[in-house]
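A look at the structure
One-letter residues, chain by chain:
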Amino acid sequence: IHDPIVIGHRGSAYGVENTLEAIQGAIDAGADYAEVDILLSSDGVPMVIHDANLQRLAGQDVNVYDLTAAQLKETPLSQYGCTGAIPRLEEVVAYCEGKILLAVEYKLHGREQVNLIDQVMQVMAKSAWQKHSIYLSLDFGLVSEMRSSYPAYATGYCVYGNVGQLSTGSLREMNISFLLVEE
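Under the counting rule described, the total for this entry stands at eight salt bridges. Across the salt bridge formed by Asp51 and Arg56, the nearest N and O atoms sit 2.7 Å from each other. A relative accessible area of 40% places Arg56 in the partly exposed class. Lys107 is the salt-bridge partner of Glu105, the closest N and O atoms lying 3.0 Å from each other. Of the two residues, Glu105 and Lys107, both sit in the buried class. Through salt bridges that share partners, Arg10, Glu17, Asp37, Asp51, Arg56, Glu105 and Lys107 make up one connected network.

Let's shift gears to the packing of aromatic side chains. Considering all chains together, one arrives at four aromatic pairs under this definition. An angle of 90° between the planes, with centres 5.6 Å apart, marks the rings of Tyr135 and Tyr153 as edge-to-face. With a gap of 18 residues between them, Tyr135 in strand β7 (residues 134–137) and Tyr153 in the loop between α6 (140–149) and β8 (154–160) connect regions that are remote in the sequence. An identical accessibility class is assigned to Tyr135 and Tyr153; each is buried. Here Tyr150 and Tyr153 contribute two aromatic rings whose centre-to-centre distance is 6.4 Å and whose plane-to-plane angle is 70°, an arrangement assigned as edge-to-face. One aromatic cluster is present, built from ring pairs that chain together Tyr106, Tyr135, Tyr150 and Tyr153. Over the ring of Tyr95 we find Lys99; its NZ or CZ atom is 4.0 Å from the centre of that ring.

Rules behind the numbers
- Residues numbered from 1 in each chain as written.
- Predicted model: local features only at pLDDT ≥ 70, side-chain atom pairs only at ≥ 80, totals over all residues.
- Heavy atoms only, no water.
- Salt bridge = Lys/Arg side-chain N within 4 Å of Asp/Glu carboxyl O.
- Buried < 20%, exposed > 50% of the residue type's maximum accessible area, 1.4 Å probe, protein only.
- Phe/Tyr/Trp six-rings, centres within 6.5 Å; stacked < 30°, edge-to-face > 60°.
- Helix = DSSP H or I, 4+ residues; strand = E, 2+ residues; numbered from the N terminus.
- Lys NZ or Arg CZ within 6 Å of the ring centre and 35° of its normal.

Okay, structure coming up:
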């Protein structure tokens, strides 16, 4: 139907995942999109980080939802022999402008004080170029909310592993722009 679309998962392995350095790795590799994960800080700022707890990347048993954006930004990360920092989504959008599109993955930690999707879309709306990014989640409730609140944007459902047999009818009933299968 179309040429393959290359998406750098969590940016790339050329830096700590979800950091500007990892995104630069996706740019350098010629990827079409850099996939980034979004969680809200305690003060409701969209932050680019995968895990709700910082143990794996920062060696600290502390949760994203317990720290402000400023505190998260100052938390040093380490992975693959690289170091990095947790960026705000607005930093990532500015960095990617004209270089690479974003595949924005919504994540919930369960302690959100404001609406995750609305917070992300406020940031994304500041860049007309980023309107062409895509939005996805493993949480079908978030996918449905995105489709109903922001129907003009490409929104997909992310599933892990084998989805079994799907028909085009069942995909239409899901009201999604795309299905992303991680395997």
